[in-house]
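Residue-level listing of the chains:
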Amino acid sequence: MALDFLAGCAGGVAGVLVGHPFDTVKVRLQVQSVDKPQYRGTLHCFKSIIKQESVLGLYKGLGSPLMGLTFINALVFGVQGNTLRALGHDSPVNQFLAGAAAGAIQCVICCPMELAKTRLQLQDTGPGRAYKGSLDCLAQIYGNEGLRGVNRGMVSTLLRETPSFGVYFLTYDVLTRALGCEPGDRLLVPKLLLAGGTSGIVSWLSTYPVDVVKSRLQADGLRGAPRYRGILDCVRQSYRAEGWRVFTRGLASTLLRAFPVNAATFATVTVVLTYARGEEARPEGEAVPAAPAGAALAQPSSL
């Protein structure tokens, strides 16, 4: 269990450092005004941020996910591994259920963390900025709106995370088995990167419209009066004003981010678990045995 959490922490750090610039672009594209759009697309958004705010602009709000996602990944992989063991046997249905349980539980941390990240990503640069950092952002929101404000977007986060994490772990398990990811395979790391990256893309595609709604709800009221009364009202107003395409806004940058982030996360987690469990299981001083043919890889899906 401790190794589940340790590997999750390592994977979380790797994923955040790789993917945060893409996330900043995604959020800005999702919440920009349809009447006066600031960015023409993903590439233009990247270029504009770098030109106006330097490369550091792409890492706005990094502190919140770096602190939060490290712990969240530890929680996700720990809960998923233990839930799968508790269910008794490894099957596609149990893979989905274990992933969904992990996704639902981590929402308690994920929702406030993403609220702070969204607010920091959208605030102006310079002396006029409203928040000095993630903790200051959450403290101000709590002071103005209480606990309800800190948990803004919780229901939409839950609707996004629960099924998407089920799909996430199920896809990874299916792909690692199909690709024959075994200890000692010289192509093991590329296979793990491919499986992890593809799992991330499939997971995002399964619930992306909900993520757009969540971002809009969490950004609501940041610039001007609040517009939405809740999830359904946000869906209605967004669809009425911009059509169905609004629910795919920022999808390109999200998918560009999803592959490297989840490739780094899952590969790091799996490699840490494989080596840590290998060392743990070997008596002191005993030589490392050769991997038998068909040996199962110590991966999150089969712990």
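No experiment lies behind these values; they were computed from the predicted model shown.

Enquirer: Give me the overall build of the protein: which residues, what numbers.
Expert: What the protein contains, in helices and strands, is 10 helices and zero strands. Relative to its 303 residues, the protein shows a buried fraction of 49%. If you take every contact in the protein between residues at least 6 apart in sequence, the share linking residues at least 24 apart comes to 76%. As displayed, the protein offers around 14400 Å² of accessible surface, 64% of which is attributable to carbon and sulfur atoms.

Enquirer: Describe the nonpolar core, and please don't skip the residues or the numbers.
Expert: Counting residues in hydrophobic clusters, the biggest one holds 22 residues, and the most contacted among them are Val 76, Phe 169, Leu 192 and Phe 266. Of all the secondary structure elements, the ones that give two or more residues to this core are helix H1 (2-31), helix H3 (63-87), helix H5 (107-122), helix H7 (154-179), helix H8 (188-219) and helix H10 (251-281). Considering every element that reaches this core, the biggest residue donor is H3, with five residues. Phe 22, Leu 29, Tyr 39 and Leu 58 belong to the second-largest nonpolar core, a separate cluster that totals eight residues.

Enquirer: Help me get a handle on the layout of surface pockets, residues and values and all.
Expert: Taken as a whole, the largest pocket holds about 660 Å³ of empty space. Lining the largest pocket are 27 residues, with Val 31, Gln 32, Ser 33, Leu 122 and Arg 223 sitting closest to its centre. Put simply, the parts of the chain that give the lining of the largest pocket at least two residues each are H1, helix H2 (42-53), H5 and H8. Classifying every residue of the lining of the largest pocket gives eight nonpolar, eight polar and 11 charged.

Enquirer: Help me get a handle on unusual backbone geometry, residues and values and all.
Expert: Positive phi, close to 70°, is recorded for Ser 54, a residue that is not glycine. Along the chain, the position of Ser 54 falls in the loop between H2 and H3.

Enquirer: An account of the packing of aromatic side chains is needed here, citing residue identities and associated values.
Expert: Summed over the entire model, instances satisfying the criterion amount to nine aromatic pairs. Consider the rings of Phe 77 and Phe 266, whose centres lie 5.5 Å apart with planes at 90°: the pair is edge-to-face. Of this pair, Phe 77 sits in helix H3 while Phe 266 sits in helix H10, and the two are 189 residues apart along the sequence. Across this residue pair, the class does not change: Phe 77 and Phe 266 are buried. Each ring, one from Phe 165 and one from Tyr 168, has its centre 5.6 Å from the other, and the planes form 85°; the classification is edge-to-face.

Enquirer: Give me the packing of H3 against helix H4 (residues 92-105): which residues, what numbers.
Expert: Contact geometry of H3 with H4 gives a least axis separation of 8 Å together with a crossing angle of 140°. Judged on the interaxial angle alone, H4 and H3 are oblique. In this structure, H3 crosses over H4, and the sense of that crossing is right-handed. On H4, the residues that touch Leu 75, Val 76, Val 79, Gln 80, Thr 83, Leu 84 and Leu 87 of H3 are Asn 94, Gln 95, Leu 97, Ala 98, Gly 99, Ala 101, Ala 102 and Ile 105. Here the residues of the contact of H3 with H4 are counted per class, giving 10 nonpolar, five polar and no charged.

Enquirer: Tell me about empty space enclosed by the protein, and please be specific about residues and values.
Expert: Enumeration according to the criterion identifies one cavity of 30 Å³ or more in this entry. What lines the largest cavity is a set of 34 residues, and nearest its centre among them are Leu 69, Phe 165, Trp 204, Arg 257 and Asn 262. Listing elements by their share of the lining of the largest cavity, those giving two or more residues are H1, H3, H5, H7, H8 and H10.

Enquirer: Pulling in residues and values, what's your account of the state of the cysteines?
Expert: Applying the stated rule across the entire model yields zero disulfides. No disulfide involves Cys 110; its sulfur sits 5.8 Å from that of Cys 107, the nearest cysteine. Assessed through its relative accessible area of 2%, Cys 110 is described here as buried.

Rules and cut-offs
Residues numbered from 1 in each chain as written. Predicted model: local features only at pLDDT ≥ 70, side-chain atom pairs only at ≥ 80, totals over all residues. Heavy atoms only, no water. Helix = DSSP H or I, 4+ residues; strand = E, 2+ residues; numbered from the N terminus. Buried < 20%, exposed > 50% of the residue type's maximum accessible area, 1.4 Å probe, protein only. Contact = heavy atoms within 4.5 Å. Areas by Shrake-Rupley, 256 points an atom, 1.4 Å probe, with all protein chains shown as cover. Core = buried A, V, L, I, M, F, W, Y, C linked by side-chain atoms within 4.5 Å. 1 Å grid on protein atoms, 1.4 Å probe; cavity = no way out; pocket = protein on both sides within 12 Å on 5 of 7 lines; lining within 4 Å. Points joined across faces, edges and corners; volume = space filled by probe spheres on them. Nonpolar A, V, L, I, M, F, W, Y, C, P; charged D, E, K, R; others polar. Phe/Tyr/Trp six-rings, centres within 6.5 Å; stacked < 30°, edge-to-face > 60°. Axes fitted to C-alpha atoms, helices over the stretch in contact; angles between N-to-C directions. Parallel < 35°, antiparallel > 145°, perpendicular 65-115°, else oblique. Left-handed = near helix turned anticlockwise from the far one by under 90°. Disulfide = S-S within 2.5 Å.

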